[in-house]
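A closer look at the structure
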Amino acid sequence: MLSRPRARELGIEPGQFPPGPANAITDVSGVRVGHTTVRDPTMINTGVTAIIADPVLERRPVPAGLVVGNGYGKLIGATQLVELGEIETPVLLTATLSAFGVADALVSWLLERPGFESVTSINPVVGETNDGPLSDIRRRPITAEHVRAALDGADTDPPAEGCVGAGTGTSALGYKGGIGTASRVVQLDGRPVTLGALVQSNFSGTLRVQGQPVPPPELITDDPEVADDGNSCMIILATDAPVDARQLTRIARRGLYGMERVGANWHGNSGDYAIAFSTTIGALPVPDSTLHGLFLAAVEVVEEALLNSLFTATTTVGFTRTQHALPLTRWGGPAD
């Protein structure tokens, strides 16, 4: 598959805070990511992505917050997440009609793990976006083996981006979307902490890059309504900062603002969710007065992750549509 540069490689550096070493969500200690990509030429372009906070595999829930920007989606496990302010499983992302099977496979995978022998209740967290135009979504092709492969293959390496895992069949802002990630290092109460984001971009609007509109050229737009048909975006934020569920909800809310930076039109037929969690358990939360840097970082890290999801994605021939990649030549990138 053609390798395309990330936004930062072409001189696009949103915000003021420096990225972590890999500029990825896995810069956060205790976070791993795995993908399974499922393809059948022209018919199936889909997959599953697993984001694992290591403590949950030891039956140690991590503090978490959820913000709903637009609730037209199927976020499994949302009510208990909000009620308890924690996540007790990996977070999985996939396609809409596969979300329910993925949740069942996640539960089975966990119940088979050492230490889970006495578990009688568990709250799987599974998000989704609709990849129907590029994949025959009614076939529900994601199997338990695909889910297990994503979970078992999760590691701390920088996650693959673009047309991979849950982003294989997604589209965003009139172009081919996908998985994107980024990170920021922020001084919090006198010490550095890391905030990372992973996104599944699949929403409508007119792309903006550093404030400049980048509408799809007519040449690559098969359908004039492509950029205005809604759909969804999943945003996962992770940090090692000592923050509680309420503060993580505030951080998640700022993460959603990153969609505005890249031109989201907040279509009513869209499920836009941000989940934030911390891998630091049991520490006293920092004062709210110290959170300003994390708030700003949440906006810019999601902005860059969304740009990366488009910059790294490649043109995909799909079930009912060919979705073209964002042309990168205007920023000095390679011609497709």
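1. Quick look at the overall build of the chain
- When you go through the chain residue by residue, the secondary structure sums to 5 helices and 16 strands.
- Since a compact globule built from 336 residues should have a radius of gyration of about 20 Å, the 18 Å found for the chain is in line with a globular shape.
- Counting only C-alpha atoms, the chain reaches 55 × 45 × 35 Å along its principal axes.
- In the chain, buried positions account for 60% of the 336 residues.
- Summarising the internal contacts of the chain: among those between residues at least 6 apart in sequence, 81% fall at separations of at least 24.
- Entry remark: accessible area of the chain is about 12,800 Å², with carbon and sulfur atoms responsible for 51%.
- In the chain, 24 positive and 36 negative side-chain charges are present, and the distance between their average locations comes to 2 Å.

2. Re the side chain of Ser 309
- Considering the arrangement of structural elements, one finds Ser 309 in helix H5 (residues 292-311).
- Using a relative accessible area of 0% as the deciding quantity, one classes Ser 309 as buried.
- What Ser 309 contacts, discounting residues up to four positions off in sequence, is Gly 162, Lys 176, Gly 177, Gly 178, Ile 179, Gly 180, Val 199 and Ser 201.

3. Details of the sheet that holds strand E1 (residues 31-40)
- What the 4 strands build is an open sheet, ordered E1-E2-E5-E6; its pairing is mixed. Lying at the two open borders of the sheet, with one neighbouring strand each, are E1 and strand E6 (125-129). Ignoring which end each strand starts from, the neighbouring axes of this sheet average 15° apart.
- Here strand E2 (residues 44-53) runs beside strand E5 (residues 91-95); their pairing, made up of 3 bridges, is antiparallel. Within E5, the residue paired with Ala 50 across the bridge is Leu 92.
- Running at roughly 155° to E6, helix H2 (residues 99-111) makes contact with E2, E5 and E6 of the sheet.

4. Regarding the side chain of Ser 204
- Position of Ser 204 relative to the elements: it lies in the loop between strand E10 (191-202) and strand E11 (208-209).
- On the basis of relative accessible area, Ser 204 is assigned to the buried category, the value being 2%.
- Of the polar contacts made by the side chain of Ser 204, one reaches the side chain of Asn 265; its length is 2.8 Å.

5. Remarks on the pattern of salt bridges
- Inspection of the entire model under this criterion finds 13 salt bridges.
- Measuring nitrogen to oxygen at the nearest pair gives 2.8 Å for the salt bridge that ties Arg 8 to Glu 304. In this pair, Arg 8 sits in the segment before E1 while Glu 304 sits in helix H5, placing the two residues 296 residues apart along the sequence.
- Among the residues examined, Arg 8 registers a relative accessible area of 22% and is labelled partly exposed.
- With a relative accessible area of 0%, Glu 304 lands in the buried category.
- A salt bridge links Asp 288 to Arg 250; the nearest nitrogen and oxygen atoms lie 3.3 Å apart. Taken together, the residues span a long stretch of sequence, with Asp 288 in the loop between strand E14 (270-278) and H5 and Arg 250 in helix H4 (residues 245-261) at a distance of 38 residues.
- Residues joined in a network through salt bridges with shared partners are Arg 8, Glu 13, Arg 184, Glu 300 and Glu 304.

Rules used throughout
Just so you know, the residues in each chain are numbered from 1, in the order the chain's sequence is written. Local features are withheld for residues below a pLDDT of 70 in this predicted model, meaning they are given only at 70 or higher, and side-chain atom pairs are given and counted only at 80 or more; totals for whole chains, interfaces and linings count all residues. Note that the side-chain values use all heavy atoms of the structure and ignore hydrogens as well as water. A run of DSSP states H or I qualifies as a helix once it reaches four residues; a run of E qualifies as a strand once it reaches two. Both are numbered from the N-terminal end. Here the globule rule reads 2.2 Å times residues to the power 0.38, and the radius of gyration is calculated from C-alpha atoms. Accessible area is worked out with a 1.4 Å probe on protein chains only. A residue is then buried under 20% of its type maximum, exposed over 50%, and partly exposed in between. Throughout, a contact is declared for two residues whenever any of their heavy atoms are within 4.5 Å. All accessibility values rest on the Shrake-Rupley procedure with a 1.4 Å probe; residue burial counts only the protein chains present in the view. By the counting rule applied here, Lys and Arg register as positive and Asp and Glu as negative, while His and the ends of each chain are not counted. Note on charges: their place is set at NZ of Lys, CZ of Arg, CG of Asp or CD of Glu. If DSSP finds at least two bridges between two strands, the strands pair. Whenever a helix is involved, its axis is fitted only over the stretch in contact; in every case the axis is a line through C-alpha atoms, and angles between N-to-C directions fall within 0 to 180 degrees. For the purposes of these results, a polar contact is taken to be a pair of N or O atoms within 3.5 Å, where, inside protein, one atom must be able to donate a hydrogen and its partner to accept one; residues adjacent in sequence count only when each atom of the pair is a side-chain atom. The term salt bridge refers to a side-chain nitrogen of Lys or Arg lying within 4 Å of a carboxyl oxygen of Asp or Glu.

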